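Each chain, written out:
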Amino acid sequence: MGKTVRENIKIVLVNTTHSGNIGGVARAMKNMGLADLVLVAPKKFPSDDAIARAAGADDVLAAAQVVESLEEAIADCQLVFATSARERHIPWPIMDPREMGQVIFGLDKNLAAKNIAVVFGREDRGLTNEELHLCQYHVCIPSVEKFSSLNIASAVQVIAYEIRMASLQKIAAENVDSSLQWGTNWDAELASQQELELMFKHFEETMQTTGFLDPENPRQLMTRVRRLIMRALPDKIEVNILRGMLTSIAKYKK
């Protein structure tokens, strides 16, 4: 199965307020075989509260990476899931945790070995629209409507459990022929999040140069373009082709 679950799936927490929640998340991760924790500008870390709540998952806390932005946290990822409980003005591909696990482990072996992130937002207000737009998929835990708010450690536990179950199913099926994601062995790696962001910036600049995008009235153009391209899971070669086309358009305009 290539890399193990522990190596290629990171849990990313954005602006966590209560350090004890970080410890609870570490414990939930270790229960399910996940070890890569990334903290985006936490209010307080490290802390005694985090260690106490970790209840033996001190190694996960000790190895946790602290970064300043979500972009930095997911720069090396090819597949990013954002957890969200809110409906959006522009719909985005959305799934429940079980479907997420099937997507992760239903990929071609070459694709499944790449870096994956699951992003969790702030305790009181989740992720912003801008942060959600950085991710290919949104994941919603189908709790009851009248009491839908989950503690972040509980939410991570649900997600981590479904990831583990999907990985165990994948292991059990390794001796059985199964269809590949694209119906054949793919010829290139998926583009990283950093490569995608550079392409989107290039796209926006080019569309402004041609006059197709009015920076004073952008409407939802780039959001829809982002959704279109991220839904396709482009590989590195395809991103280079798109950027080459954009460069050609800009040269022609000049």
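In this convention, every chain numbers its residues from 1, walking through the sequence in written order. In keeping with the predicted nature of the model, local features appear solely for residues at pLDDT of at least 70, side-chain atom pairs appear and are counted solely at 80 or more, and the whole-chain, interface and lining totals rest on all residues. Values shown for side chains rest on all heavy atoms present in the structure; no hydrogens or waters enter the calculation.

**Quick notes on the pairing of strand S4 (residues 79-83)**
Both faces of the sheet carry side chains from a regular strand, because those side chains alternate between them.
So, point 1. Three exposure classes are used, based on accessible area relative to the maximum for each residue type with a 1.4 Å probe and protein chains only: buried under 20%, partly exposed in between, and exposed over 50%. Working definition: helices are DSSP H or I runs of at least four residues, strands are E runs of at least two. Numbering for both runs from the N terminus. Of all five residues in S4, five are buried, a share of seventy percent or more.
So, point 2. Pairing of S4 with strand S6 (residues 116-120), which is carried by four bridges, proceeds in the parallel orientation. Residue pairing across strands places Ala-82 opposite Val-119, the latter belonging to S6.
So, point 3. Pairing between S4 and strand S7 (residues 137-139): three bridges, direction parallel. Each bridged residue has a counterpart across the sheet, and for Phe-81 the counterpart in S7 is Tyr-137. DSSP-based pairing: two strands are paired if at least 2 bridges between them are found.

**A closer look at the nonpolar core**
So, point 1. Ile-11, Leu-13, Leu-37 and Phe-81 are the most contacted members of the largest nonpolar core, which totals 39 residues.
So, point 2. It is helix H9 (residues 152-172) that contributes the most residues to this core, eight residues altogether.
So, point 3. It only takes one pair of heavy atoms within 4.5 Å for two residues to be counted as in contact. Every residue in contact with Ile-11, bar those within four places of it in the chain, is listed here: Val-25, Met-29, Leu-34, Asp-36, Leu-37, Val-38, Val-118, Phe-120 and Val-156.
So, point 4. Counting residues in hydrophobic clusters, the runner-up holds 17 residues, among them Val-12, Val-67, Ile-74 and Leu-127. In this text, buried Ala, Val, Leu, Ile, Met, Phe, Trp, Tyr and Cys residues form a nonpolar core when linked through side-chain atoms within 4.5 Å.

**Quick look at the packing of helix H10 (residues 193-210) against helix H11 (residues 221-231)**
So, point 1. Where H10 contacts H11, the axes come no closer than 11 Å and their chain directions differ by 140 degrees. Between H10 and H11, the angle is such that the two are oblique. Crossing hand, H10 versus H11: right-handed. In this structure, H10 uses Gln-193, Glu-197, Met-199, Phe-200, Phe-203 and Glu-204 to contact H11, whose residues at the interface are Met-222, Val-225, Arg-226, Ile-229 and Met-230.
So, point 2. The residue inventory of the contact of H10 with H11, partitioned by class, reads seven nonpolar, one polar and three charged. To obtain an axis, a line is fitted to C-alpha atoms, over the contacting stretch when the element is a helix, and the angle between two such axes runs from 0 to 180 degrees between their N-to-C directions. What sets the label is the angle itself: under 35 degrees gives roughly parallel, over 145 gives roughly antiparallel, 65 to 115 gives roughly perpendicular, and the rest give oblique. Crossing handedness follows the turn of the near helix against the far one: under a right angle anticlockwise gives a left-handed crossing, and clockwise gives a right-handed one. Gly is placed with the polar residues, together with every amino acid not listed as nonpolar (Ala, Val, Leu, Ile, Met, Phe, Trp, Tyr, Cys and Pro) or charged (Asp, Glu, Lys and Arg).

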